[in-house]
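Topology and contacts: notes
As a plain string of letters, each chain reads:
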Amino acid sequence: MKGLTKWLVRRTVPHWENREDPAVRQRCGALSGGVGVALNILLAAGKFLAGALTGSLSMTADALNNLTDAASSVVTLVGFRVAGHKADAEHPFGHGRAEYVSGFVVSLLILLVALELGQSSVGRILRPAPVKLSWLAAGILVCSILVKLWMWRSNRCLSAYISSATLAAVAQDSISDCAATL
């Protein structure tokens, strides 16, 4: 881990050096999910503003994508929380599979958003409308790409650190969001 991600992990994850500890794994997942919720809500607000100012359906759709990403982050939070529960009578091997289920749900949300963006894009091609690009909207989009690039790198690092398929899926979603925003 490097940079801001390492700094956040050191500040929010007790005993962060012990990556085999289930509590460290859970806290890293919670960190990813919490940061994802906060940043995606901020990005959605900025893109809704940019879409309203420019009349751009694609920016508004991208804002909705960010809201879906915030929901994916909530799924990540819940998945890591459930996976962190100790073994019980009904689950003698623990709840670790919940993380895989949450990764699957995140993947389904990515596919759903891709289909929705594709559908709205085809609709706009068939029924074009004028779009006004402003410097504010362009700045919001550039900032969005930079934030999503950081989220991709951060989740990729966290995924490697704790060997998490869920965080790998979240990282992949962030990099695909960069392409969609571009």
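1. Some remarks on the overall build of the protein
Of regular secondary structure, the protein possesses six helices and zero strands. Each helix and strand of the protein, placed in order from N terminus to C terminus, yields the pattern α-α-α-α-α-α. A burial count over the protein gives 38% of its 182 residues as buried. The contacts of the protein with a sequence gap of at least 6 include a subset with a gap of at least 24, amounting to 68%. Summed over its atoms, the accessible surface of the protein is roughly 10200 Å², and 69% of this surface lies on carbon and sulfur atoms.

2. Let's talk about unusual backbone geometry
Residue His15 is not a glycine yet carries a positive backbone phi of 55 degrees. Following the sequence through the fold, His15 ends up in the loop between helix 1 (3-12) and helix 2 (22-54). Classification of His15 as exposed rests on a relative accessible area of 60%. Non-glycine residue Ser163 carries a positive phi angle of around 55 degrees. You can see Ser163 is positioned in the loop between helix 5 (135-162) and helix 6 (165-181).

3. Regarding the nonpolar core
Residues Leu8, Val9, Val13, Trp16, Val24, Cys28, Leu31, Phe80, Leu158, Tyr161, Ile162 and Leu167 constitute the largest nonpolar core, which totals 12 residues. Those residues in contact with Leu31 that lie beyond four places of it in its chain are Leu8, Val9 and Thr12. If you look at the next biggest cluster of nonpolar residues, it comprises five residues, including Ala50, Met59, Ala137 and Leu141.

4. Digging into the pattern of salt bridges
Per the counting criterion, the structure on display carries three salt bridges. Among the salt bridges present, the one from Asp177 reaches Lys148, with a minimum N-O distance of 3.0 Å. Pair noted here: Asp177 is in helix 6 and Lys148 is in helix 5, with a separation of 29 residues, a long-range link. Each of Asp69, Lys148 and Asp177 takes part in one network of salt bridges that share partners.

5. Remarks on helix 1
Here helix 1 has its buried residues at Thr5, Leu8 and Val9. Seen along its axis, helix 1 keeps its buried residues to an arc of 100 degrees; they face one direction. Away from its buried face by more than 90 degrees, helix 1 exposes Gly3 and Arg11. Looking at the packing, one finds that the buried side of helix 1 touches helix 2 and helix 5.

6. Thoughts on the confidence of the model for the protein
The pLDDT averaged across the protein works out to 83; a share of 88% of its residues lies at or above 70. For the protein, the element scoring lowest by mean pLDDT is helix 4 (residues 97-126), at 74; helix 5 scores highest, at 93.

7. A few points about helix 5
Along its 28 residues, helix 5 runs 40 Å from first to last C-alpha, staying within 8% of the 40 Å computed at 1.5 Å per residue. Just downstream of helix 5, Ser163 is the residue with a positive phi angle, here 55 degrees.

8. Concerning the side chain of Ser144
Mapped onto the secondary structure, Ser144 falls in helix 5. Judged by relative accessible area, which is 1%, Ser144 ranks as buried. Those residues in contact with Ser144, other than ones at most four positions away along the chain, are Leu43, Lys47 and Thr181.

9. Re the environment of Leu136
Tracing the backbone through its elements, the reader meets Leu136 in helix 5. Taking C-alpha positions, Leu136 is 7.2 Å from Ala50, a pair spaced 86 residues apart along the chain. Among all residues touching Leu136, those that are not within four sequence positions of it are Leu49 and Leu53.

Definitions and limits used
- Residues numbered from 1 in each chain as written.
- Predicted model: local features only at pLDDT ≥ 70, side-chain atom pairs only at ≥ 80, totals over all residues.
- Heavy atoms only, no water.
- Helix = DSSP H or I, 4+ residues; strand = E, 2+ residues; numbered from the N terminus.
- Buried < 20%, exposed > 50% of the residue type's maximum accessible area, 1.4 Å probe, protein only.
- Contact = heavy atoms within 4.5 Å.
- Areas by Shrake-Rupley, 256 points an atom, 1.4 Å probe, with all protein chains shown as cover.
- Core = buried A, V, L, I, M, F, W, Y, C linked by side-chain atoms within 4.5 Å.
- Salt bridge = Lys/Arg side-chain N within 4 Å of Asp/Glu carboxyl O.
- Arc of directions from axis to C-beta.
- pLDDT = per-residue confidence, 0-100.
- Expected span 1.5 Å × (residues − 1).

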